[in-house]
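So the chains spell out like this:
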Amino acid sequence: MSKVGVIMGSKSDLPVMQDAIDILKTFDIEVEVDIVSAHRTPEKLFDYGKNAHTRGIQVIVAGAGGAAHLPGMVASLSPLPIIGVPVKSSNSIDGWDSVLSILQMPGGVPVATVALNGAKNAGILAAQIIGSSDPVVLEKILKYKEGLKQAVLETAKNL
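Let me begin by describing the structure that accompanies this report. Computed from a prediction, not measured in an experiment: that's the story for all the values here.

### As for the overall build of the protein
Moving on, step 1. The number of helices and strands found in the protein is 6 helices and 5 strands.
Moving on, step 2. Listing each helix as α and each strand as β along the protein from the N terminus yields β-α-β-α-β-α-β-α-β-α-α.
Moving on, step 3. In terms of overall dimensions, the protein is globule-like: its C-alpha atoms have a radius of gyration of 16 Å, near the 15 Å expected for 159 residues.
Moving on, step 4. Summarising its shape, the C-alpha atoms of the protein cover approximately 50 × 35 × 30 Å along the three principal directions.
Moving on, step 5. For the protein, buried positions account for 44% of its 159 residues.
Moving on, step 6. A sequence separation of at least 24 residues applies to 68% of the contacts in the protein between residues at least 6 apart.
Moving on, step 7. A total accessible area of about 8,200 Å² is found for the protein, and carbon and sulfur atoms account for 59% of it.
Moving on, step 8. Mean positive and mean negative side-chain charge positions of the protein (14 and 15 charges, respectively) differ by 2 Å.

Take a look at the structure:
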């Protein structure tokens, strides 16, 4: 079974990150959820980043607010694709600090970055990455996208 790790810097990020968890579950993708603080639990971050792939994780979705070092630090340690979710937190500068911390990674340490609080899109992107080599997940993605299309067409028809 395909498996995605969804990690966040603190429990306060969970309401945002829940969107990634929920959409991944609609695609029947197993989700491992954890709190891994880059600043308060650096040893846990190092262990997670270095070993997630040994537990069958295929993609990591990492959400963080404020200084938002979690996605980039995990990317520096892991061979897996990392998707960063900037979270607008109570200690952020309107979310821009989180966006820029995740977006502006140095060459060689990529983090795919979604919109501020864009955990749903992060989950969809993780599923699409898995779907590129898993035909069952790919079929679910195709059905999901067809559903989006039909919803728009139905709305337009009812104008």
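### Quick word on the pairing of strand β2 (residues 30-35)
Moving on, step 1. As judged from the 6 bridges shared by strand β1 (residues 3-8) and β2, these two strands associate in the parallel manner. Bridge assignment links Met-8 to a residue of β2, and that residue is Ile-35.
Moving on, step 2. Chirality of the crossover, the property in question, places the unit of β1, helix α1 (residues 14-26) and β2 among those that are right-handed.

### Side note on the pairing of β1
Moving on, step 1. For β1, the buried fraction is high: 6 of the 6 residues fall into the buried class.
Moving on, step 2. Of the two faces of β1, both are covered, the one formed by Lys-3, Gly-5 and Ile-7 as well as the one formed by Val-4, Val-6 and Met-8.
Moving on, step 3. Pairing geometry for β1 and strand β3 (residues 59-65), over 5 bridges, is parallel. For Ile-7, the partnering residue across the bridge sits in β3 and is Ala-62.

### Side note on the packing of α1 against helix α5 (residues 119-131)
Between two packed helices, the angle of one axis relative to the other and the distance separating the axes together describe the packing.
Moving on, step 1. Where α1 contacts α5, the two axes come as close as 7 Å, and the packing angle between them is 35°. In the packing of α1 onto α5, the handedness of the crossing is right-handed. Counted together, Val-16, Met-17, Asp-19, Ala-20, Ile-23 and Leu-24 of α1 and Ala-119, Lys-120, Gly-123, Ile-124, Ala-126 and Ala-127 of α5 form the full contact between these two elements.
Moving on, step 2. Its residues assigned to classes, the contact of α1 with α5 shows 9 nonpolar, 1 polar and 2 charged.

### Considerations on the packing of helix α2 (residues 42-51) against helix α3 (residues 70-77)
Moving on, step 1. Closest axis-to-axis distance for the α2/α3 pair is 8 Å, and the angle between their directions is 50°. Between α2 and α3, the interaxial angle falls into the category oblique. The element α2 and its partner α3 pack so that their crossing is right-handed. Across from Leu-45, Phe-46, Gly-49 and Lys-50 in α2, the residues of α3 making contact are Leu-70, Met-73, Val-74 and Leu-77.
Moving on, step 2. Broken down by class, the residue content of the contact of α2 with α3 amounts to 6 nonpolar, 1 polar and 1 charged.

Cut-offs used in this document
Residues numbered from 1 in each chain as written. Predicted model: local features only at pLDDT ≥ 70, side-chain atom pairs only at ≥ 80, totals over all residues. Heavy atoms only, no water. Helix = DSSP H or I, 4+ residues; strand = E, 2+ residues; numbered from the N terminus. Rg over C-alpha atoms; globule rule 2.2 N^0.38 Å. Buried < 20%, exposed > 50% of the residue type's maximum accessible area, 1.4 Å probe, protein only. Contact = heavy atoms within 4.5 Å. Areas by Shrake-Rupley, 256 points an atom, 1.4 Å probe, with all protein chains shown as cover. Lys, Arg positive; Asp, Glu negative; His and termini not counted. Charge placed at Lys NZ, Arg CZ, Asp CG, Glu CD. Pairing = 2+ DSSP bridges. Right-handed = clockwise from strand over helix to strand, strands pointing away. Axes fitted to C-alpha atoms, helices over the stretch in contact; angles between N-to-C directions. Left-handed = near helix turned anticlockwise from the far one by under 90°. Nonpolar A, V, L, I, M, F, W, Y, C, P; charged D, E, K, R; others polar. Parallel < 35°, antiparallel > 145°, perpendicular 65-115°, else oblique.

Coordinates in, geometry out; function isn't part of it.
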